[in-house]
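# Structural description and commentary
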Amino acid sequence: LMCRKKTHATMVTHALPPHTERGTRHRAWSRANRYPHRGRCHHINHSSSTKNETLDASGLLIFPGLIDCHVHFREPGNEDAEDMESGAAAAVAGGITTVCDMPNTDPPTCTVAALEDKRNRAARIKNYDIRFFFGVTRKEHLRELENAPRDWFVGVKLYLGQSTGNMQVEGGIEGDVFRICAER
């Protein structure tokens, strides 16, 4: 991600490879040019390149792709609010290349089957990294947590109070959740 304070800003949506000189790229990458007018973005031009290209980064700030570890893409069940595709597009426009989606969807991501469904949905979003939190609200979800492949989720979300999706955790199982996570 590159930002300039003047009238033109360039965002690189993938981090530069380590040890490159002056931004030389050695693989495909994409760039979105934003042209602000009176404080608002009025044009975005997407371009791609597969050749080596050198960007003059003088006077610019360069960041790797950022991570948003708490997003609500609302898919499945409430895609009219936001889905994975629109959420990922919005995140990339802001320099976010990895997100971690919360489990309060419909159905909630409290079973291996629900988690697998979300992973399959995310697989259709190309060139974007969507990760997932697993939800535990009831005692029967403990077994699901134990059976979920560890590389399918980044963490467990416990809702200690009422939230969207009615996922407040039943009292008394929090310790079991922490024990299971520590053993994995």
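Residues numbered from 1 in each chain as written. Predicted model: local features only at pLDDT ≥ 70, side-chain atom pairs only at ≥ 80, totals over all residues. Heavy atoms only, no water.

Looking now at the overall build of the protein. Helix and strand counts for the protein come out as four helices and nine strands. Tracing the protein from N to C terminus, the helices and strands come up as β-β-β-β-β-β-α-β-α-β-α-β-α. Considering only residue pairs separated by 6 or more positions, the protein has 61% of its internal contacts joining residues 24 or more positions apart. Working note: accessible area of the protein is about 10900 Å², and carbon and sulfur atoms make up 50% of it. (Helix = DSSP H or I, 4+ residues; strand = E, 2+ residues; numbered from the N terminus. Contact = heavy atoms within 4.5 Å. Areas by Shrake-Rupley, 256 points an atom, 1.4 Å probe, with all protein chains shown as cover.)

A few words now on the nonpolar core. In this structure, Val99, Tyr128, Ile130 and Val136 are the most contacted members of the largest nonpolar core, which totals 26 residues. Taken together, the elements giving at least two residues each to this core come down to helix H1 (84–93), strand S7 (96–101), helix H2 (112–123), strand S8 (129–135), helix H3 (140–147) and helix H4 (174–183). Among residues more than four places away in sequence, those in contact with Tyr128 are Ala88, Ala91, Val92, Ile96, Thr97, Thr98 and Val99. Of all hydrophobic cores here, the second largest spans six residues; its members include Cys100, Cys110, Tyr159 and Met167. (Core = buried A, V, L, I, M, F, W, Y, C linked by side-chain atoms within 4.5 Å. Buried < 20%, exposed > 50% of the residue type's maximum accessible area, 1.4 Å probe, protein only.)

On the surface, Leu61, Phe63 and Leu66 cluster together to form a nonpolar patch covering roughly 260 Å² of accessible area. If you trace the backbone, Phe63 turns up in the loop between strand S5 (61–62) and strand S6 (66–71). (Patch = residues over 30% accessible without salt bridge, like charges linked within 9 Å, V, L, I, M, F, W, Y side chains within 5 Å. Salt bridge = Lys/Arg side-chain N within 4 Å of Asp/Glu carboxyl O.)

Of all seven residues that make up S8, five are buried, and the element is covered over most of its length. Between the parallel elements S8 and strand S9 (residues 155–157), the chain passes through H3 in a crossover that is right-handed. (Right-handed = clockwise from strand over helix to strand, strands pointing away.)

The N-to-C vectors of H3 and H4 enclose an angle of 10°; their axes lie 10 Å apart at closest approach. On the basis of their axis angle, the class for H3 and H4 is roughly parallel. Taken together, the residues of H4 that come into contact with H3 (itself represented by Leu142, Leu145 and Glu146) are Asp176, Val177, Arg179, Ile180 and Cys181. Taken together, the residues of the contact of H3 with H4 sort by class into five nonpolar, no polar and three charged. (Axes fitted to C-alpha atoms, helices over the stretch in contact; angles between N-to-C directions. Parallel < 35°, antiparallel > 145°, perpendicular 65-115°, else oblique. Nonpolar A, V, L, I, M, F, W, Y, C, P; charged D, E, K, R; others polar.)

On their own, these measurements won't tell you what the molecule is for.
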